[in-house]
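Per-entry structural report
Listed below, chain by chain, are the residues.
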Amino acid sequence: MEIDIFTLFPDAFAWFERQRHVVGALARGSRLGYVNYRDHTPLSAGQVDDTPFGGGAGMVLRVDVVEAALRARYGRDPVELGRERRVIVLTPAGRLLDDELVDELAREAALTLLSGRYEGFDQRVTDHFTTDEVSIGRYVLAGGELAAMVVCDAVLRKLPGALGHEDSAFEESFSKALAGAPEYPHYTRPAEYRGWRVPEILLSGHHARIREWRQEQSRRRAERERGAPEPAAPEP
Ligand code: ADE
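Counting starts from 1 at the beginning of each chain's written sequence and moves along it residue by residue. Side-chain atom pairs in this predicted model are given and counted only at pLDDT of 80 or more, local residue features only at pLDDT of at least 70, and totals for whole chains, interfaces and linings cover all residues. Heavy atoms throughout the structure, all of them, feed into the side-chain values; hydrogens and water do not.

1. As for helix α6 (residues 99-106)
Rules: Remark: exposure states derive from per-residue accessible area (1.4 Å probe, protein chains only) relative to the maximum for the residue type, with buried under 20%, exposed over 50%, and partly exposed in between. Numbering goes from the N terminus for both helices and strands, where a helix is a DSSP run of H or I of at least four residues and a strand is a run of E of at least two. The arc in question is the one spanned by the directions pointing from the helix axis to the C-beta atoms. When checking whether two residues touch, look at their non-hydrogen atoms; a contact exists if any pair is within 4.5 Å.
Listed in full, the buried residues belonging to α6 are Asp99, Leu101, Val102, Leu105 and Ala106. For α6, the buried positions fall inside an angular range of 160° around the axis, keeping them on one side. Considering only its buried residues, α6 is in contact with β5 (86-96), β6 (110-114), β7 (132-135) and α8 (145-156).

2. Some thoughts on the sheet that holds β5
Quick reminder of the rule: DSSP-based pairing: two strands are paired if at least 2 bridges between them are found. Where helices are involved, their axes are fitted lines through C-alpha atoms of the stretch in contact, as for all axes, and angles between N-to-C directions lie from 0 to 180°.
The strand order across the open sheet built from 5 strands is β2-β1-β6-β5-β7, with neighbouring strands paired in parallel fashion. If you trace the sheet from one side to the other, it starts and ends with β2 (31-36) and β7, each paired once. Between one strand axis and the next, the sheet turns by 30° as a mean value, whatever way the strands run. Sheet topology places strand β1 (residues 2-7) next to β2; 6 bridges connect them, and they run parallel. Bridged to Asp4 within β2 is Gly33. Lying on the sheet, α8 is in contact with β1, β2, β5, β6 and β7; it crosses β1 at an angle near 175°.

3. Points about the site of the ligand
Note the following rule: Any residue with a heavy atom lying within 4 Å of a molecule or strand is counted as near it. Under the rule applied, a polar contact is a pair of N or O atoms within 3.5 Å (in protein, one hydrogen donor and one hydrogen acceptor; residues adjacent in sequence only if both atoms are side-chain atoms). In these tables, accessible area is a Shrake-Rupley quantity obtained with a 1.4 Å probe, and a residue counts as shielded only by the protein chains included in the view. When residues are sorted by character, Ala, Val, Leu, Ile, Met, Phe, Trp, Tyr, Cys and Pro go into the nonpolar class, Asp, Glu, Lys and Arg into the charged class, and all the rest, Gly among them, into the polar class.
Every residue near the ligand is listed here: Leu90, Thr91, Pro92, Val134, Ser135, Ile136, Gly137, Tyr139, Val140, Leu141, Gly143 and Ala147. In this structure, Thr91 approaches the ligand through a main-chain N or O atom, which is 3.2 Å from a nitrogen atom. Computed on the free molecule, the ligand has an accessible area of 260 Å², of which 96% lies beneath the protein chains in the complex. At the level of elements, β5 and β7 are the ones that each hand at least two residues to the shell around the ligand. Among the elements that make up the shell around the ligand, the one with the highest residue count is β5 (3 residues). A per-class count over the shell around the ligand returns 8 nonpolar, 4 polar and no charged.

4. Focus: the side chain of Asn36
Position of Asn36 relative to the elements: it lies in strand β2. On the accessibility criterion, Asn36 (14% relative accessible area) is buried. In terms of polar contacts, Asn36 uses its side chain to reach the backbone amide nitrogen of Arg38, at 2.9 Å. Ignoring sequence-local partners within four residues, the contact set of Asn36 consists of Thr7, Leu8 and Pro10.

Dropping the structure here:
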């Protein structure tokens, strides 16, 4: 997987690149590249943004600046770029990132992520240069860098070999293996702590029954998310 991140703050990704699963993904051949809009702006004094037409607060990233950065990286008209790779603009108004979208993105060979600051991008960037608008949640961040890291994190850990134990991505929250439900609870030693016992079933060594219990827990969490009343808990 090759991911290019367009940003005004490439340094913000230094911590992210040190995370174990990211280091692992890079060692297995994935690549993260950064393009700073400011390095390619055709305007004087490193200008990248401007005030919005029609008035209003904040600054808007300019379409000519974004085009220059995309051209510098890919050497062609960014209008054509969408034919060969997904070009994703990070915006609170985009399609909500969920496990299905992460799977979809993880199947791509290459991604381009555009993160913005201020009031976001001139709409012509979205209309003409991008294939997708993605949001990591219905709230507004100060910029798209954290959102880009969230997308990269979720996508890179889906790639083959990313997790020590292949099953841990297979049967995790929202996966098909759990019918899109949240994952069941996990416990580890000590089996009893301050009187709080781990469910006996997990200590039983009964793999089939443990599996059933986990699926039931996962279903209950899904119901709780939907706001359904919780059934009385049977003894495990
Ligand atoms: N940029 C600012 N807020 C965002 C959000 N919630 N998702 C994606 N990009 C953003």
